[in-house]
Amino acid sequence: MAVRIRLPGGTLKMKVYRELRERERDRRVPVWKVGSLYLIWWSNRQRPSKD
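Fair warning: this is a prediction, and the values are worked out from it, not measured in the lab. (Residues numbered from 1 in each chain as written. Predicted model: local features only at pLDDT ≥ 70, side-chain atom pairs only at ≥ 80, totals over all residues. Heavy atoms only, no water.)

S.K.: Explain the overall build of the chain here, please?
M.R.: On a plain count of helices and strands, the chain comes out with one helix and four strands. Put simply, the chain runs from its N terminus to its C terminus through helices and strands in the order β-β-α-β-β. Against the compact-globule benchmark of 10 Å for 51 residues, the chain has a radius of gyration of 10 Å, which places it among compact chains. By its C-alpha atoms, the chain is 25 × 20 × 15 Å across when sized along the principal axes. Per-residue burial for the chain yields a buried fraction of 25% across its 51 residues. Summarising the internal contacts of the chain: among those between residues at least 6 apart in sequence, 38% fall at separations of at least 24. In the form shown here, the chain has an accessible surface area of approximately 4100 Å², with 52% of it arising from carbon and sulfur atoms. (Helix = DSSP H or I, 4+ residues; strand = E, 2+ residues; numbered from the N terminus. Rg over C-alpha atoms; globule rule 2.2 N^0.38 Å. Buried < 20%, exposed > 50% of the residue type's maximum accessible area, 1.4 Å probe, protein only. Contact = heavy atoms within 4.5 Å. Areas by Shrake-Rupley, 256 points an atom, 1.4 Å probe, with all protein chains shown as cover.)

S.K.: Can you help me understand the environment of Val29 in this one?
M.R.: Along the chain, Val29 turns up in the loop between helix H1 (22-25) and strand S3 (31-34). Measuring from C-alpha to C-alpha, the distance between Val29 and Trp41 comes to 6.7 Å, with 12 residues separating the pair along the chain. Beyond its immediate sequence surroundings of up to four residues, Val29 is in contact with Arg23, Glu24, Ile40, Trp41, Trp42 and Gln46.

S.K.: Looking at this structure, I do not really get the nonpolar core. What am I missing?
M.R.: One recurring pattern in soluble globular proteins: nonpolar side chains tend to sit buried together. In terms of nonpolar packing, the biggest core is built from six residues, these being Leu20, Val29, Val31, Tyr38, Ile40 and Trp42. Take this core: its biggest share by element is three residues, from strand S4 (residues 37-43). Once residues lying within four places of it in the same chain are set aside, the contact partners of Tyr38 are Lys13, Met14, Lys15, Val16, Tyr17, Leu20, Arg27, Val31, Trp32 and Lys33. (Core = buried A, V, L, I, M, F, W, Y, C linked by side-chain atoms within 4.5 Å.)

S.K.: Looking at this structure, how should I read the environment of Gly10?
M.R.: Residue placement: Gly10 occurs in strand S2 (residues 10-15). You can call Gly10 buried: its relative accessible area is 2%. Those residues in contact with Gly10 that lie beyond four places of it in its chain are Ile5, Trp41, Trp42, Ser43 and Asn44.

S.K.: Please clarify how the side chain of Ser43 should be interpreted in this entry.
M.R.: By the secondary structure assignment, Ser43 is in strand S4. Separated by 3.1 Å, the side chain of Ser43 and the backbone nitrogen of Arg45 make a polar contact. Non-local contacts of Ser43, meaning those with residues more than four positions away in its chain, are made with Gly9 and Gly10. (Polar contact = N/O pair within 3.5 Å; in protein donor to acceptor, adjacent residues only side chain to side chain.)

By themselves these figures say nothing about function.
This is the structure in structure tokens:
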């Protein structure tokens, strides 16, 4: 289950690898690996495209 934290300017998500979208796996959005978790930053300025 992904954890979402809404922040000014965007959303920070925490996921495990199997939950990542193709766009996140391809690193088309900022992604940082911390242990077995992935931190993904979705800016409010970018529009998520359909995978």
